[in-house]
Each structure stands twice: as structure tokens, then as C-alpha cells.
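# Geometric and topological summary
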Amino acid sequence: MKPKRQEVELAVVGKRFIALIVDAILQGILAGLIFLGLGMGGVGETLQMLLTLVYGWYFLTRHDGQTPGKRLMDIRVIKEDGSSIGDGDAIVRVLVSWISGAVFLLGFIWALFDQRNQTWHDKAVGSLVVNA
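Below is a short write-up of the structure. (Residues numbered from 1 in each chain as written. Predicted model: local features only at pLDDT ≥ 70, side-chain atom pairs only at ≥ 80, totals over all residues. Heavy atoms only, no water.)

## Considering the packing of helix α1 (residues 13–37) against helix α2 (residues 45–62)
- The contact between α1 and α2 brings their axes to 10 Å, and the two run at 125 degrees. Regarding the angle of α1 to α2, the classification is oblique. Judged by the sense of rotation from one axis to the other, the crossing of α1 with α2 is right-handed. For the pair formed by α1 and α2, the contact residues are Asp23, Leu26, Gln27, Leu30, Ala31, Ile34 and Phe35 on the first element and Leu47, Gln48, Leu51, Thr52 and Tyr55 on the second.
- A per-class count over the contact of α1 with α2 returns eight nonpolar, three polar and one charged. (Axes fitted to C-alpha atoms, helices over the stretch in contact; angles between N-to-C directions. Helix = DSSP H or I, 4+ residues; strand = E, 2+ residues; numbered from the N terminus. Parallel < 35°, antiparallel > 145°, perpendicular 65-115°, else oblique. Left-handed = near helix turned anticlockwise from the far one by under 90°. Contact = heavy atoms within 4.5 Å. Nonpolar A, V, L, I, M, F, W, Y, C, P; charged D, E, K, R; others polar.)

Structure representation (C-alpha cells):
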């Protein structure tokens, strides 16, 4: 059964940006602690990518679409039909976000001009970022 579509208020791009910065800082601290604890110092590009993937998947799917940064900004990720984001969607969303950032940040900048404030990674999985 498909969830009933609900009226939602889209999150403004500024709130999304602040949430992104908070999450990046938290991931950096977490990665630093892990790498120092394991004695891996500068090893970590691949492990950093894995940490980012797990971080995004875990919080988007197990915490009602809210990473710590999104929770702080009182926003969350949902599917366009109002349902919660699933495991596969969360993973694809993180992977496409890397592309969004790698191409001169165009995938993120796109949200400034999009009617629903969607980035490329939102469009890839049919997600919206809304006020919680």
C-alpha cells in the first residue's frame, strides 16, 4: 500500500548547507578518532569514503531521515511520496552526492534554482529535504 501523500514544507537551501557542514565536521572528527585509534594516520581516503557511505545510510534509514546535522537544523529526507527513505535509496543518494560535489559542486548548486530545492542526489532517488 502506498503512503498517503502529505503536505510538506521544503527545507531552504541555507538550512541544508549548514546541516551539510555540521555532518562534514562530525565525520571528520569521527574519522580522525578512528584512524588515530587504529594507528592509521593518513591512510584513509578509501576508509573516509566508506565512513561517509555508512554515516549517510545509517542516519537516513535508521533515524527518520535525519543525520545529526539535519536534526540540528530540524530538517529530514523523505521520498517524494512522503514515505521514509530506504536502504538502497540512501546508498545511491550518498554515491550520487559525491558526483554532485565532484563536478564543480554543480549538483549542490542545482538546488538553488530547482523549484523543489532538489540536488542531483535528491533527483536520483526521488527524495525531498523537508522541515521536520
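After that view, the rundown keeps rolling.
## A word on the packing of aromatic side chains
- Scanning the entire structure with this criterion turns up four aromatic pairs.
- Aromatic pair Trp57 and Tyr58: ring centres 6.4 Å apart, planes at 55 degrees, arrangement tilted.
- Joined through ring pairs, the aromatic side chains of Tyr55, Trp57, Tyr58 and Phe59 make up one cluster. (Phe/Tyr/Trp six-rings, centres within 6.5 Å; stacked < 30°, edge-to-face > 60°.)

## Structural notes on α1
- Here α1 spans 36 Å end to end across 25 residues, near enough to the 36 Å set by a 1.5 Å rise per residue.
- What α1 keeps buried is the set Arg16, Ala19, Asp23, Gln27, Ala31 and Phe35. (Expected span 1.5 Å × (residues − 1). Buried < 20%, exposed > 50% of the residue type's maximum accessible area, 1.4 Å probe, protein only.)

## Remarks on the nonpolar core
- Ala11, Ala19, Leu60, Met73, Ile75, Val77, Ile85, Ala90 and Val129 together form the largest nonpolar core, which totals nine residues.
- Beyond its immediate sequence surroundings of up to four residues, Leu60 is in contact with Gly65, Gln66, Thr67, Val77, Ile85, Ala90 and Arg93. (Core = buried A, V, L, I, M, F, W, Y, C linked by side-chain atoms within 4.5 Å.)

## Points about the packing of helix α4 (residues 87–102) against helix α5 (residues 106–113)
- Put simply, α4 and α5 touch, their axes get as near as 5 Å, and they point 85 degrees apart. Of the possible angle classes, the one that applies to α4 and α5 is roughly perpendicular. On the side of α4, the interface is formed by Ser97, Ser100 and Gly101, while α5 contributes Leu106, Gly107 and Phe108.
- Residue composition of the contact of α4 with α5, by class: two nonpolar, four polar and no charged.

## A few points about the environment of Leu95
- Following the sequence through the fold, Leu95 ends up in helix α4.
- Here the alpha-carbon distance between Leu95 and Ala11, two residues 84 residues apart in the chain, equals 22 Å.

## A look at the pattern of salt bridges
- Applying the stated criterion across every chain, the model contains seven salt bridges.
- Of the charged contacts in the structure, one is a salt bridge between Asp64 and Arg76, with a shortest N-O distance of 2.9 Å. Of this pair, Asp64 sits in the loop between α2 and α3 (68–73) while Arg76 is found in strand β1 (residues 75–79), placing the two residues 12 residues apart along the sequence.
- The closest approach of N and O atoms between Asp114 and Lys123, which form a salt bridge, is 2.8 Å. (Salt bridge = Lys/Arg side-chain N within 4 Å of Asp/Glu carboxyl O.)

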